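Now for the letters of each chain:
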Amino acid sequence: MSHVYMRFITVVGLLAIAVSPALAAESPSETQLERLMETASQTPDRPDHDYATNSLQALLRQSQELKLSKEQTDKIKTITEQYERTRHDREMAYKRSEMDALKLIHDNRSSLFAIETAVQKADQEHSRLRMAGIKALREARDVLRPEQYSQWRQGHAAQQIAQGAPRQERGEQYDSESGDAGRIAPH
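Residues numbered from 1 in each chain as written. Predicted model: local features only at pLDDT ≥ 70, side-chain atom pairs only at ≥ 80, totals over all residues. Heavy atoms only, no water.

Topic: the overall build of the chain
Next up, step 1: Counting secondary structure elements, the chain contains six helices and zero strands.
Next up, step 2: Ordered by position in the sequence, the α and β elements of the chain form the string α-α-α-α-α-α.
Next up, step 3: Counting over 187 residues, the chain shows a buried share of 34%.
Next up, step 4: Residue pairs at least 24 apart in sequence account for 79% of intrachain contacts in the chain once pairs closer than 6 positions are excluded.
Next up, step 5: Taken as a whole, the chain presents about 11800 Å² of accessible surface, with 54% of it coming from carbon and sulfur. (Helix = DSSP H or I, 4+ residues; strand = E, 2+ residues; numbered from the N terminus. Buried < 20%, exposed > 50% of the residue type's maximum accessible area, 1.4 Å probe, protein only. Contact = heavy atoms within 4.5 Å. Areas by Shrake-Rupley, 256 points an atom, 1.4 Å probe, with all protein chains shown as cover.)

Quick notes on the confidence of the model for the chain
Next up, step 1: Averaged over all residues, the pLDDT of the chain equals 76, while 61% of them reach at least 70.
Next up, step 2: Here residues 19-25 is a poorly scored stretch, pLDDT under 50, and it has two contacts once near neighbours within four places are set aside; other chains count.
Next up, step 3: Here residues 168-187 is modelled with pLDDT under 50, and outside its nearest four sequence neighbours on either side it reaches 40 contacts, counting other chains as well. (pLDDT = per-residue confidence, 0-100.)

Digging into the pattern of salt bridges
Next up, step 1: Scanning all chains against the criterion turns up 10 salt bridges.
Next up, step 2: One salt bridge in this structure joins Lys 135 and Glu 139, with 3.6 Å as the shortest N-O distance. Of the two residues, Lys 135 and Glu 139 are both situated in helix 5 (residues 112-143); the distance of four residues between them amounts to about one turn of the helix.
Next up, step 3: Here the residues in one salt-bridge network are Asp 50, Glu 84, Arg 87 and Glu 91, joined through shared partners. (Salt bridge = Lys/Arg side-chain N within 4 Å of Asp/Glu carboxyl O.)

A short note on unusual backbone geometry
Next up, step 1: Even without glycine at this site, Lys 67 takes up a positive phi of about 60 degrees.
Next up, step 2: In this structure, Lys 67 sits in the loop between helix 3 (50-61) and helix 4 (70-105).
Next up, step 3: What makes Lys 67 exposed here is its relative accessible area of 66%.

Overview of the environment of Met 92
Next up, step 1: Following the sequence through the fold, Met 92 ends up in helix 4.
Next up, step 2: By relative accessible area, which is 37% here, Met 92 ends up partly exposed.

Quick look at the environment of Asn 54
Next up, step 1: Considering the arrangement of structural elements, one finds Asn 54 in helix 3.
Next up, step 2: Owing to a relative accessible area of 14%, Asn 54 belongs among the buried residues under this scheme.
Next up, step 3: Sequence separation between Asn 54 and Thr 80 is 26 residues; the distance between their C-alpha atoms is 9.9 Å.

A short note on the side chain of Thr 73
Next up, step 1: Counting through the fold element by element, Thr 73 comes out in helix 4.
Next up, step 2: If we ignore the near neighbours within four places in the chain, the residues touching Thr 73 are Leu 60, Ser 63 and Leu 68.

This is the structure:
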């Protein structure tokens, strides 16, 4: 299912939860909203966003095998560092917009239009995060000679296939320490 469809289902479900207390009782208390926000902010990130980081780090680990020059390695390190800073900023913007949407969903006075706008903003922030990773991967690819890229791509794909299904598809918790990319493509 598409990400937008899944988000829509999630928002509808949360909206149903938010509306049902409104019909039966009064609005959630400020304490309940704070607890909801705290719980949502502590939810572990999906590993989607780690694909670019894992791929760039794998490229650097394989620098000798791929016979990268010092100049190529330095450029890829710079791209990786720049992406990590951008990723951090984009993740924070995404989480803030998700929190704003959740707050509106649980506020009985919020209009559906305001909720829809907040959900769309969260989707836009998530798209910006994904595009930052795709841009970094393209920049790193452009540093490589065609034969280096081909060799890295074959090795990287073989490693991911050897790992089997991503952890979340096997019902396992994502472990960022394991180096499991979690996805075979950047989105």
